[in-house]
Structures are given as C-alpha cells and as structure tokens.
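Chains, contacts and geometry: an overview
What follows is each chain in one-letter form.
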Amino acid sequence: MKNWLTKLAQKINQFMYGRYGTDKLNMFLLTLSIILVFLSYFPKMGICSLIAYIFVIWALFRSLSKNLHKRRLELYKYEEIKRDFTGRISLIKQIWQNRKTHKYFRCKNCGNIFRVPKGKGKIEVTCPKCKTKSIRKS
C-alpha cells in the first residue's frame, strides 16, 4: 500500500511539473465558491451554485495552467485589489475610533486624506503630500 501511494505521489509530481499550482487567489476563489454553494440552498438563490462552479473551474484552470507569467499577473492584480480594500477598511476603522478627537479631510488637489485635531476653530491646513493650503473648520 505504501509503495502504491509513493508511486501515485511521483506521478502527480510529474504531472504538475511546470504548472502553476495553487496560490492565494485560488484559495479565495475556492472559499468564495463554498460560500456560494451554501447560499444556493436558500430559496431563489439557485444561480449561486452555477457561479460557484464557474469559480471552481477557474481555480482549476489557473492551477493547471503552464502560463506562469499570466497567472502571476493575475495574482498581483488580486493582491493589489485586496490591499486597496483592506486599506480602506482600516481607514474607516481609524476614522471611527478617532471621531471624538480628530477631524479628517480630503485634499481637493491630490485626494490625500489627513487629520487635524478637533475644536481648534477655523484653521489653515496644509496637505502633507502636495502642500496645498486651505482653510477648514475643525
């Protein structure tokens, strides 16, 4: 039995040689498909199972692909989107935690978000990124 399992593992390794394998994006797709399968059990949510199958097929295609460059670009794009999303969530959390002591402003020129202490009246604020000055009420 042990010899048979060793031979099977060697054959799988030979088959996967030069293929992309699994990564964070594949794990995300598979997790999302499991969630969608559970949602498909609710009434009027049957389309979720079809979408889940599409995600599973996409994850299998990615893991068996030999085009390593395109799969790495997809992973990079996924991580960029994830970093953007988690950054926004942490900013919202920080704004909520500091809501009593600080006021947050968005620069009209560059879009950068910065904070100033509350209760100082009308003050001239300078964007730390582009150095644009504006008068705001804190």
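Residues numbered from 1 in each chain as written. Predicted model: local features only at pLDDT ≥ 70, side-chain atom pairs only at ≥ 80, totals over all residues. Heavy atoms only, no water.

1. Description of the packing of aromatic side chains
With the rule as written, the count across this model stands at three aromatic pairs. With centroids separated by 5.4 Å and ring planes inclined at 35°, the aromatic side chains of F28 and Y78 adopt a geometry described as tilted. Within this pair, whereas F28 is found in helix α2 (residues 24-39), its partner Y78 is found in helix α4 (residues 68-97), the two being separated by 50 residues in sequence. The class for F28 is partly exposed, based on a relative accessible area of 38%. Ring geometry for F105 versus F114: centroids 6.4 Å apart, planes at 50°, classification tilted. By relative accessible area, which is 10% here, F114 ends up buried. Over the ring of F15 we find R19; its NZ or CZ atom is 4.2 Å from the centre of that ring. In this structure, R99 is placed above the aromatic ring of W96, and the distance from its NZ or CZ to the ring centre is 3.9 Å. (Phe/Tyr/Trp six-rings, centres within 6.5 Å; stacked < 30°, edge-to-face > 60°. Helix = DSSP H or I, 4+ residues; strand = E, 2+ residues; numbered from the N terminus. Buried < 20%, exposed > 50% of the residue type's maximum accessible area, 1.4 Å probe, protein only. Lys NZ or Arg CZ within 6 Å of the ring centre and 35° of its normal.)

2. Points about the environment of E79
Tracing the sequence through the fold places E79 in helix α4. By relative accessible area, which is 28% here, E79 ends up partly exposed.

3. A word on the pairing of strand β1 (residues 102-106)
Relative to strand β2 (residues 113-117), β1 runs antiparallel, the two being bridged by five bridges. Considered in β2, the bridge of R106 is made with I113. Hairpin connection from β1 to β2: six residues lie between these consecutive antiparallel strands, with G111 at a positive phi of about 85°. (Pairing = 2+ DSSP bridges.)

4. Topic: the nonpolar core
Grouped together as the largest cluster of nonpolar side chains are ten residues: Y20, L25, L29, L36, C48, A52, F55, A59, L75 and Y78. For this core, the secondary structure elements donating two or more residues are α2, α3 (47-64) and α4. Of all the elements, α3 adds the most residues to this core, at four residues. When neighbours within four sequence positions are excluded, Y20 is seen to be in contact with R62, S63, S65, L68, R71, R72 and L75. F105, C107, F114 and C127 belong to the second largest nonpolar core, which has six residues in total. (Core = buried A, V, L, I, M, F, W, Y, C linked by side-chain atoms within 4.5 Å. Contact = heavy atoms within 4.5 Å.)

Read these as geometric descriptors, not functional statements.
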